[in-house]
Each structure stands twice: as C-alpha cells, then as structure tokens.
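Here's the letter readout for the chains.
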Amino acid sequence: MTSHRFFIALLPPQTIQQRVNEIKQHFADVYQSRKAFKSPPHITLQPPFHWEDANISVLEYTLAEFARNRGSIPILLSGFGAFKPRVIFVNPLKTPELMKIQEDLGNYLARTLSIVDEKSKFRSFSPHITVAFQDLTSQNFKKAWPEFEKREFQFEFTISELTLLIYEDRKWEIAREFPLEGLN
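Residues numbered from 1 in each chain as written. Predicted model: local features only at pLDDT ≥ 70, side-chain atom pairs only at ≥ 80, totals over all residues. Heavy atoms only, no water.

A. Spotlight on the packing of aromatic side chains. Scanning the model with the defined rule gives eleven aromatic pairs in all. With a centroid separation of 4.9 Å and an interplanar angle of 65°, the aromatic rings of Phe153 and Phe155 are classed as edge-to-face. By relative accessible area, Phe155 is classed as partly exposed at 22%. A connected cluster of aromatic rings, assembled from ring pairs, spans Phe27, Tyr31, Phe80, Phe148, Phe153 and Phe155. Here the guanidinium or amino end of Arg5 rests over the ring plane of Tyr167, the centre of that ring lying 5.2 Å away. (Phe/Tyr/Trp six-rings, centres within 6.5 Å; stacked < 30°, edge-to-face > 60°. Buried < 20%, exposed > 50% of the residue type's maximum accessible area, 1.4 Å probe, protein only. Lys NZ or Arg CZ within 6 Å of the ring centre and 35° of its normal.)

B. Layout of the sheet that holds strand 4 (residues 87-92). Taken together, four strands build an open sheet; the order of strands is 5-4-3-6 and the sheet is antiparallel. Each end of this open sheet is capped by a strand with a single partner; those strands are strand 5 (129-132) and strand 6 (154-159). The sheet shows a mean angle of 35° between the axes of neighbouring strands, taken without regard to direction. Examined bridge by bridge, strand 3 (residues 73-83) and strand 4 share five bridges and lie antiparallel to one another. (Pairing = 2+ DSSP bridges. Helix = DSSP H or I, 4+ residues; strand = E, 2+ residues; numbered from the N terminus. Axes fitted to C-alpha atoms, helices over the stretch in contact; angles between N-to-C directions.)

C. Quick look at the nonpolar core. In terms of nonpolar packing, the biggest core is built from 47 residues, with Leu10, Phe27, Ile88 and Leu162 touching the most fellow members. A per-element tally of this core places helix 3 (residues 96-113) first, with six residues. By size, the runner-up hydrophobic cluster in this structure holds five residues, among which are Phe7, Ala9, Leu165 and Trp172. (Core = buried A, V, L, I, M, F, W, Y, C linked by side-chain atoms within 4.5 Å.)

D. Up close: the layout of surface pockets. In this structure, the largest pocket encloses a volume near 1000 Å³. Every residue lining the largest pocket is counted, 32 residues in all, and those nearest its centre are Thr44, Pro47, Pro48, His128 and Thr130. Taken together, the elements giving at least two residues each to the lining of the largest pocket come down to strand 1 (3-10), strand 2 (43-52) and strand 5. Counted as a void, the second largest pocket has a volume near 250 Å³. Residue lining of the second largest pocket: 13 residues in total, with Gln102, Gly106, Asn107, Asp117 and Ser120 positioned closest to the centre. Contributing elements (two or more residues each) for the lining of the second largest pocket: strand 2 and helix 3. Among the elements that take part in the lining of the second largest pocket, helix 3 stands out by supplying five residues, more than any other. When its residues are assigned to classes, the lining of the second largest pocket shows five nonpolar, five polar and three charged. (1 Å grid on protein atoms, 1.4 Å probe; cavity = no way out; pocket = protein on both sides within 12 Å on 5 of 7 lines; lining within 4 Å. Points joined across faces, edges and corners; volume = space filled by probe spheres on them. Nonpolar A, V, L, I, M, F, W, Y, C, P; charged D, E, K, R; others polar.)

So, to be careful, I would describe these as geometric facts and stop short of saying anything about function.
Next comes the structure, spelled out in structure tokens:
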C-alpha cells in the first residue's frame, strides 16, 4: 500500500500569502533560509501524518463532515514571534475561535480516524505562520531576530475553509479545501 504525508491547516487569503511570501523571500535573499517556501503560508491545525492513498476518500469525507459544522475563523496577525534559535514566524493571536478549531479538529481526528500527533499531547498549540526555519542557522537567527522582533505586521481577515495539504515532489501542495459552512 502506498501512502502520502498530509497535514491540515488554515491558509490566509492570497493577498496575505503574497505578503508573507515577500518576507520568506527576504529570508532567502539575506539569510539563506529557503525551506519555508516548501509550503504555502499557513497555520497548522494538524501536523503531518501518513495516510494510505487507497483511503483518501475516507479522509476527505471525514474532513468535509467536520468543516460542514464549523463557521469561518477570524484571524488577527500581530507582528512576529520566534522559537529560538531557528524559527521566525508571523504571529497569529490565540483567539478563542482559532484555539477551539484546533482542539476540536484534533479530538475529532483522534476519535474518527485514529490520527493523533504524539507531540501535541505534551505541548500546547502555538499558532504560527513560519517565514524561516530548519535552514536558518543560529548565527543568522541572531542577526534576523532583532530585525523582526519589533517589526509591524498587522492584518485581520477571516478564513472560510479548512485545507488538506499533501507532500509531493519534495514540497507541500494543496490537496483539497473544505468550506467552513456552519454558523458560529
């Protein structure tokens, strides 16, 4: 049986993705950090997991059912944050709606499909939109973080779909989007 790696996320509108990609490009040009380009700008709700190709319809049906009963998610971006010494990200505020959809999705996937992220059991959800990681050296982190630590980046928008991403050709691609159709 063949399988792929997937993860589930919230993707900002294209205009915000473009702004985030401009920052990723700055990290590539100035700090030689390019790995963040392997996925579109996103807030991860369910970290990567393996799923058999033969059962993708089950995964998609389950996500559609979950999304059908959820309303759109307001997102507030406020500046930058870091997981020292290698990760810099755009900082989404921990709103009740964002925290709840992540918790509900994790519980739903565990109950319906036995998809569980073991690391999530031991750490709390820290929403973020990564702009530099993995290939950002600690030396370049020390140079970049003072530049971004107090930098302004304020946006407010609503996300109205849950996105399933698949790892193909050494990068993450959108596999399918599921409308958040419910009323809040």
